[in-house]
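Observations on the three-dimensional arrangement
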Amino acid sequence: MHQHSNSAVALPSSGLLVRIASAPDALEQIKVSVAVTRWLVGCGYPAVEPATVEPFLVTGRVVSVWKLLDVVDRPRGTGADLGRLLRILHKEPPPPVALRPLSDPFEGVSRAVANHPDGVQPQDRAWLLTKIDELRSGWAALREQLRPGLVHGDAHSNNLLRVRDGGVLLGDWDHVAVGPREWDLVQPYYMQRRFGRHTEEELQDFAVAYGWDVRECADFETLIQVREVFGLSPYVRRALVNEWARDEVEHRLRTLRTGNTTARWSSPPRPPSP
């Protein structure tokens, strides 16, 4: 069904969806995401639901198993849907699961560069490592206006799933953590800047549905830049084995190095329909 940082394989006859992560060190975090979503579903929150089997390793890959949803492509989840789901999520009590603190959002991309040094051109790698150090300082000095707590960690419209009964669920909880709530709220603005995904009206609907506009945050631009770098890790990991990923990471780094904030980036191509 999908292949990027995870591969997703549907098993319709079993009513299951299998997600396969390529990084073996993701096992503990995926165990956390399964535990958190199981708790959220038990609380009535509209999230994807894991199957009873716990995540496990197969030849260095992390496998998690989820209940297969009857998803429809249209109408897509809206900015208002995302704002509403985040408002509800951020009001949930702390889950009975030990969550990692989102103290270093650059951990994944730093590890990808270290483990796959040839995935980035030498001049880009030197610039990126310097940029990460700069943004780490900005992140540490972040002036939060909301109380920190449970965050989805990758909350954007692509992770909204509309099921056939008309409801909208939030999926892909691999980055769930405790951290600044602003981190969840900046994602739609990043998606607009780099992918043209939202109109100004949709962003306004998102802010109204949540009840606060993250653009009022003094460190809004820093949050956007952190998100841009945060998203590079799967492209760096796959650059040597996937030509599209190699071209995309080079394009993204070129636009970041030149300060081009209007350049569009591309999402991974979807697999052909059967």
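Cut-offs applied
- Residues numbered from 1 in each chain as written.
- Predicted model: local features only at pLDDT ≥ 70, side-chain atom pairs only at ≥ 80, totals over all residues.
- Heavy atoms only, no water.
- Helix = DSSP H or I, 4+ residues; strand = E, 2+ residues; numbered from the N terminus.
- Buried < 20%, exposed > 50% of the residue type's maximum accessible area, 1.4 Å probe, protein only.
- Contact = heavy atoms within 4.5 Å.
- Areas by Shrake-Rupley, 256 points an atom, 1.4 Å probe, with all protein chains shown as cover.
- Lys, Arg positive; Asp, Glu negative; His and termini not counted.
- Charge placed at Lys NZ, Arg CZ, Asp CG, Glu CD.
- Phe/Tyr/Trp six-rings, centres within 6.5 Å; stacked < 30°, edge-to-face > 60°.
- pLDDT = per-residue confidence, 0-100.
- Axes fitted to C-alpha atoms, helices over the stretch in contact; angles between N-to-C directions.
- Parallel < 35°, antiparallel > 145°, perpendicular 65-115°, else oblique.
- Left-handed = near helix turned anticlockwise from the far one by under 90°.
- Nonpolar A, V, L, I, M, F, W, Y, C, P; charged D, E, K, R; others polar.
- Pairing = 2+ DSSP bridges.
- Salt bridge = Lys/Arg side-chain N within 4 Å of Asp/Glu carboxyl O.

1. Comments concerning the overall build of the chain
A tally of regular secondary structure across the chain gives ten helices and nine strands. Seen through its principal axes, the chain has C-alpha atoms that stretch 50 × 45 × 35 Å. Taken over 274 residues, the chain has a buried fraction of 48%. For the chain, the share of sequence-separated contacts (at least 6 apart) that also reach a separation of at least 24 residues comes to 74%. Carbon and sulfur atoms form 52% of the exposed surface of the chain, whose accessible area is close to 13200 Å². In the chain, 33 side chains carry a positive charge and 34 a negative one; their mean positions are 2 Å apart.

2. Examining the packing of aromatic side chains
Enumeration according to the criterion identifies nine aromatic pairs in this entry. For the pair Y45 and W173, a centre-to-centre distance of 6.1 Å together with 85 degrees between the ring planes defines the contact as edge-to-face. Of this pair, Y45 sits in the loop between α1 (27-42) and β4 (56-58) while W173 sits in the loop between β8 (168-170) and β9 (177-179), placing them 128 residues apart in sequence. Take Y45 and W173: they sit in the same class, and that class is buried. When the ring of W139 is compared with that of W183, the centres are 5.5 Å apart and the planes differ by 85 degrees; the resulting orientation is edge-to-face. With a gap of 44 residues between them, W139 in helix α4 (residues 122-140) and W183 in helix α5 (residues 181-185) connect regions that are remote in the sequence. The exposure classification of W139 matches that of W183, with both residues buried.

3. Thoughts on the confidence of the model for the chain
On average, residues of the chain carry a pLDDT of 93, and 96% of them reach 70 or more. Averaged pLDDT values for the elements of the chain fall to 56 in strand β1 (residues 2-3) and rise to 98 in α5.

4. Describing the environment of P180
Summarising the element assignment, P180 is placed in the loop between β9 and α5. Among the residues examined, P180 registers a relative accessible area of 5% and is labelled buried. Residues P180 and P101, spaced 79 residues apart in sequence, show a C-alpha to C-alpha distance of 9.6 Å. Residues within four places of P180 in sequence aside, it is in contact with L102, W139, L142, E144, P148 and V151.

5. Quick look at the packing of α4 against helix α8 (residues 220-230)
Closest axis-to-axis distance for the α4/α8 pair is 10 Å, and the angle between their directions is 140 degrees. Comparing the axis directions of α4 and α8 gives the class oblique. Considering the relative orientation of α4 and α8, their crossing is left-handed. Of the residues in α8, those touching α4 at L128, K131, I132, L135, G138 and W139 are T222, L223, Q225, V226 and V229. Each residue belonging to the contact of α4 with α8 can be placed in one class, and the counts come to seven nonpolar, three polar and one charged.

6. Considering the packing of helix α6 (residues 187-195) against α8
Direction vectors running N to C along α6 and α8 enclose 70 degrees, while the axes themselves pass 10 Å from each other. Classified by the interaxial angle, the pair formed by α6 and α8 is roughly perpendicular. Crossing hand, α6 versus α8: right-handed. Facing Q187, Y189, Y190, R193 and R194 of α6, the residues of α8 in contact are F220, E221, I224, R227 and E228. Here the contact of α6 with α8 is composed, by residue class, of four nonpolar, one polar and five charged.

7. Some thoughts on the side chain of S157
By the element assignment, S157 lies in the loop between β6 (149-151) and β7 (160-162). Here S157 falls in the buried class, since its relative accessible area comes to 9%. Ignoring any residue separated from it by four or fewer positions in sequence, one finds S157 in contact with L82 and H198.

8. A closer look at the pairing of strand β2 (residues 6-11)
Judged from the six bridges that link them, β2 and strand β3 (residues 16-21) form a sheet pairing that is antiparallel. Bridge pairing in β3 places S7 opposite I20. Between the antiparallel neighbours β2 and β3 lie four residues, among them G15 with a positive phi of about 70 degrees.

9. Thoughts on the pattern of salt bridges
Going through the model one piece at a time under the given rule, you end up with 21 salt bridges. The residue K67 makes a salt bridge to E49 at a minimum N-O spacing of 3.1 Å. Here K67, found in strand β5 (residues 61-67), pairs with E49, found in the loop between α1 and β4; they are 18 residues apart in sequence, far enough to count as distant. Residues R193 and E228 are paired through a salt bridge, measuring 3.7 Å at the closest nitrogen-oxygen approach. One end of the pair, R193, is in helix α6; the other, E228, is in helix α8, and 35 residues separate them in sequence.

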